[in-house]
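Fold and geometry: a report
Here's the letter readout for the chains.
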Amino acid sequence: SQKIEQNSEALNIQEGKTATLTCNYTNYSPAYLQWYRQDPGRGPVFLLLIRENEKEKRKERLKVTFDTTLKQSLFHITASQPADSATYLCALRAAGGFKTIFGAGTRLFVKA
Amino acid sequence: DVKVTQSSRYLVKRTGEKVFLECVQDMDHENMFWYRQDPGLGLRLIYFSYDVKMKEKGDIPEGYSVSREKKERFSLILESASTNQTSMYLCASSGTGFSYNEQFFGPGTRLTVL
């Protein structure tokens with residue numbers, strides 16, 4: 001069955017450092033990979049999308065890579081700030097499919 | 001900005017009750033979704049609607065039904081609530097074409113079934 005794996009352990013980093021979150025998937029061939037941010041008690045908020053034929057995408061302090069051979073995406077936040085503390089969800093969708101499947105997320109804590 | 005609103009933030013119901021969760025979006029989106037979110041399981045799709053009166057089952061439709069009579073409104077119905085339906089319920093909407101990929105979520109309804 002299709003599976004998305006995100007590190008269930010929280011990631012703790014110091015302010016100013018780069019946070020790197022990992023998303024691995026199996027039994028799936030996504031055309032689109034998305035990252036969302038979710039704050040406690042809130043709905044997810046869309047951050048970035050990368051397509052299968054793109055290796056890397058950037059938006060301000062965010063960078064996403066997508067390796068379809070390794071079946072992995074890395075999500076980087078550079079110069080992290082305490083306000084970046086949240087849970088980050090990885091999501092995948094196949095071309096033409098209506099379902100987006102979501103990972104369980106990784107909790108990030110950025111200490112001042 | 002897209003705004004997706006849900007009728008309640010917190011809801012407590014008893015086993016066997018009929019429960020209605022309502023979702024309204026204000027951006028004229030064709031597509032609307034209902035998910036439930038449980039710790040360690042991620043978001044799981046319950047139902048999807050791509051037009052008024054049109055729906056598709058998601059991964060976990062058992063025990064749920066939906067209604068979409070108007071484009072902006074998508075309702076989730078628990079016909080006879082059970083304790084295993086205690087969860088966070090999230091509604092989302094999106095546009096068509098490439099915009100389908102960006103889902104806008106509501107704040108969620110935390111439902112407790114006693």
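Only a predicted model underlies this, so the values are computations on that prediction, with no experimental measurement involved. (Residues numbered from 1 in each chain as written. Chains lettered and ligands numbered in written order. Predicted model: local features only at pLDDT ≥ 70, side-chain atom pairs only at ≥ 80, totals over all residues. Heavy atoms only, no water.)

Moving on, we get to the pattern of salt bridges. Side-chain pairing between opposite charges can occur once the charged atoms of the two side chains come close. Here the structure, examined in full by the defined rule, presents 13 salt bridges over all chains. The shortest N-O distance in the salt bridge between Lys-57 of chain A and Glu-54 of chain A comes to 3.7 Å. Look at Glu-54 of chain A and you get partly exposed, because its relative accessible area is 22%. Between Glu-69 of chain B and Lys-53 of chain B there is a salt bridge; the shortest N-O distance is 2.5 Å. Within this pair, whereas Glu-69 of chain B is found in strand β7 (residues 64-70), its partner Lys-53 of chain B is found in the loop between β5 (42-51) and β6 (54-57), the two being separated by 16 residues in sequence. (Salt bridge = Lys/Arg side-chain N within 4 Å of Asp/Glu carboxyl O. Buried < 20%, exposed > 50% of the residue type's maximum accessible area, 1.4 Å probe, protein only. Helix = DSSP H or I, 4+ residues; strand = E, 2+ residues; numbered from the N terminus.)

In this section: the environment of Lys-18 of chain B. Residues and elements named next belong to chain B. Within the fold, Lys-18 resides in the loop between β2 (10-13) and β3 (19-25). Relative accessible area serves as the criterion here: at 45%, Lys-18 is assigned to the partly exposed category. Spatially, the C-alpha atoms of Lys-18 and Ile-77 are 7.2 Å apart, while their sequence positions differ by 59 residues. Apart from the residues within four sequence positions on either side, Lys-18 is in contact with Ile-77, Leu-78 and Glu-79. (Contact = heavy atoms within 4.5 Å.)

On the side of chain A, 20 residues touch chain B, which itself brings 23 residues to the contact. Here chain B and chain A share one salt bridge between them. Taken together, the connections running from chain B to chain A amount to eight residue pairs in polar contact (both at pLDDT 80 or more). Of all the secondary structure elements, the ones that give two or more residues to the side of chain B that touches chain A are β4 (31-38), β5 and β6 of chain B. In terms of residue count, the dominant contributor to the side of chain B that touches chain A is β5 of chain B (four residues). (Polar contact = N/O pair within 3.5 Å; in protein donor to acceptor, adjacent residues only side chain to side chain.)

Attention now moves to the sheet that holds strand β3 (residues 19-26) of chain A. All names here are of chain A. The five strands are arranged β1-β3-β8-β7-β6 in an open sheet whose pairing can be described as antiparallel. Each of the sheet's edge strands pairs with one partner strand only, and the pair in question is β1 (3-6) and β6 (56-59). Pairwise comparison of adjacent strand axes, ignoring direction, gives a mean angle of 15 degrees for this sheet. Of the pairings in the sheet, the one linking β6 to strand β7 (residues 62-67) comprises four bridges and is antiparallel in character. Across the sheet, Lys-57 pairs through a bridge with Val-64, a residue of β7. (Pairing = 2+ DSSP bridges. Axes fitted to C-alpha atoms, helices over the stretch in contact; angles between N-to-C directions.)

Attention now goes to the packing of aromatic side chains. Any pair of aromatic rings gets described here by the distance separating the centres and the angle formed by the planes. Residue and element names in this part refer to chain B. What the rule picks out here adds up to 16 aromatic pairs over all chains. Ring centres 6.1 Å apart and planes at 85 degrees place the aromatic pair Phe-48 and Tyr-100 in the edge-to-face group. Of this pair, Phe-48 sits in strand β5 while Tyr-100 sits in the loop between β9 (87-94) and β10 (104-105), and the two are 52 residues apart along the sequence. The pair Phe-48 / Tyr-100 is uniform in exposure class, with both members buried. (Phe/Tyr/Trp six-rings, centres within 6.5 Å; stacked < 30°, edge-to-face > 60°.)

Here the focus is the state of the cysteines. Evaluation of the coordinates by the stated rule reveals two disulfides over all chains. Between the sulfur atoms of Cys-23 of chain A and its disulfide partner Cys-90 of chain A the distance amounts to 2.0 Å. Looking down the S-S bond of the Cys-23 of chain A and Cys-90 of chain A bridge, the torsion is -60 degrees, so its handedness is left-handed. Within this pair, whereas Cys-23 of chain A is found in strand β3, its partner Cys-90 of chain A is found in strand β9 (residues 86-93), the two being separated by 67 residues in sequence. Classification of Cys-23 of chain A by relative accessible area gives buried; the value is 0%. Exposure remark for Cys-90 of chain A: the relative accessible area of 0% places this residue in the buried category. Between Cys-23 of chain B and Cys-91 of chain B runs a disulfide, and the two sulfur atoms are separated by 1.9 Å. Residues Cys-23 of chain B and Cys-91 of chain B share a disulfide whose torsion about the S-S bond is about -75 degrees; that sign makes it left-handed. Of this pair, Cys-23 of chain B sits in strand β3 while Cys-91 of chain B sits in strand β9, placing them 68 residues apart in sequence. (Disulfide = S-S within 2.5 Å.)

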